[in-house]
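Structural overview for review
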Amino acid sequence: WLGVQCSVKHACDCALNSLYVDKSVCVCPVDQYGPRCYLHEYACRKKPCSNGGQCIAGDERRMYSSLNNITCICRDGYFGDRCEFQESSNQIEISFDRKLIIPSLLIIHFITVEDETEVTRISVIKKVPVHLDFLLFHTKITFNVALVEMLNNYYSILVRKETIISAIITTKVVPHHRCLSTNELFNTTITNLHLIKCIK
């Protein structure tokens, strides 16, 4: 209500326990925030989201159940109201040797060998965060061999006989795992052969 005698009815859109100043300003109590004070700070204090999920406080106007007071934004590879379930995928963490220059972008080649005659390759581009010295991601790609291409060089990071479907993989790019080119393996006489040129 407004007016000298509080006789003018007014619809205030600020949350309860907050102070209405005018149509564009609400003064929130200590544990609430947002333009209209409908977000509760305490909702994320206990870190309810699992597996590194990000907690977003819920709007009290839609808190009709315990699941609606927060929203969890899940990391890649996880799902569920609280990010408690993991997708059937590979979690791959790639770190880098200190001697190597870490590029902002790299290409990861996943190679699958179905039998002796059928080989498939899937390549993906990944961005390395500027503030990190490792790359963490999830993929549903099944593979036997994984190579990292960075700064025009190829590095072997994983080789397994059995196809990898779902696993937590930690690997490292190191200088002595660099794949040598044919020019480094053979002399010019051999590299100039027609068959070798086709292989290259």
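Residues numbered from 1 in each chain as written. Predicted model: local features only at pLDDT ≥ 70, side-chain atom pairs only at ≥ 80, totals over all residues. Heavy atoms only, no water.

Quick notes on unusual backbone geometry
One non-glycine residue, Cys 83, lies in the positive phi region at around 60 degrees. Here Cys 83 lies in the loop between β7 (78-79) and β8 (85-86). For Leu 151, which is not glycine, the phi torsion reads 50 degrees and is therefore positive. Considering the arrangement of structural elements, one finds Leu 151 in the loop between β13 (143-150) and β14 (153-164). (Helix = DSSP H or I, 4+ residues; strand = E, 2+ residues; numbered from the N terminus.)

Considerations on the packing of aromatic side chains
A complete count under the given rule lists 1 aromatic pair for this structure. Plain terms: the ring middles of Phe 110 and Phe 143 are 4.8 Å apart, the flat faces sit at 50 degrees to each other, and that makes the pair tilted. Highlighted residues: Phe 110 in strand β10 (residues 105-113) and Phe 143 in strand β13, separated in sequence by 33 residues. For the pair Phe 110 and Phe 143, one class covers both residues: buried. (Phe/Tyr/Trp six-rings, centres within 6.5 Å; stacked < 30°, edge-to-face > 60°. Buried < 20%, exposed > 50% of the residue type's maximum accessible area, 1.4 Å probe, protein only.)

What about the sheet that holds strand β9 (residues 90-96)?
Reading across the sheet, the 3 strands line up as β12-β9-β15 and stay open at both edges, with mixed pairing between neighbours. In this open sheet, the two strands that pair with only one neighbour each are β12 (134-139) and β15 (168-173). Strand-to-strand, the axes of this sheet are offset by a mean angle of 20 degrees, without reference to chain direction. Looking at chain direction, β9 and β12 are connected through 6 bridges and run antiparallel. Of the residues in β12, the one forming a bridge with Gln 91 is His 138. (Pairing = 2+ DSSP bridges. Axes fitted to C-alpha atoms, helices over the stretch in contact; angles between N-to-C directions.)

Side note on the environment of Leu 100
Among the structural elements, Leu 100 can be located in the loop between β9 and β10. Take Leu 100: its relative accessible area is 15%, and that puts it in the buried class. Through-space distance from the C-alpha of Leu 100 to that of Pro 175 is 7.2 Å; in sequence the pair is 75 residues apart. Not counting chain neighbours up to four residues away, the residues in contact with Leu 100 comprise Tyr 155, Val 173, Val 174 and Pro 175. (Contact = heavy atoms within 4.5 Å.)

Topic: a nonpolar patch on the surface
Among the surface-exposed residues, Leu 180, Leu 185, Phe 186, Ile 190 and Leu 193 lie close enough to one another that they form a single nonpolar patch of about 430 Å² accessible area. As for its position among the elements, Ile 190 is in helix α2 (residues 188-191). Since its relative accessible area comes to 32%, Ile 190 is described here as partly exposed. (Patch = residues over 30% accessible without salt bridge, like charges linked within 9 Å, V, L, I, M, F, W, Y side chains within 5 Å. Areas by Shrake-Rupley, 256 points an atom, 1.4 Å probe, with all protein chains shown as cover. Salt bridge = Lys/Arg side-chain N within 4 Å of Asp/Glu carboxyl O.)

Comments concerning the nonpolar core
Of all hydrophobic cores here, the largest spans 21 residues; its most connected members are Ile 94, Leu 106, Ile 108, Phe 110, Phe 143, Val 148 and Val 173. Elements with a contribution of two residues or more to this core: β9, β10, β12, β13, β14 and β15. Not counting chain neighbours up to four residues away, the residues in contact with Ile 108 comprise Ile 94, Ile 122, Ser 123, Val 124, Lys 126, Leu 135, Phe 137, Leu 147 and Val 148. Counting 7 residues, the second-largest nonpolar core is a separate cluster that includes Ala 43, Ile 70, Cys 72 and Tyr 78. (Core = buried A, V, L, I, M, F, W, Y, C linked by side-chain atoms within 4.5 Å.)

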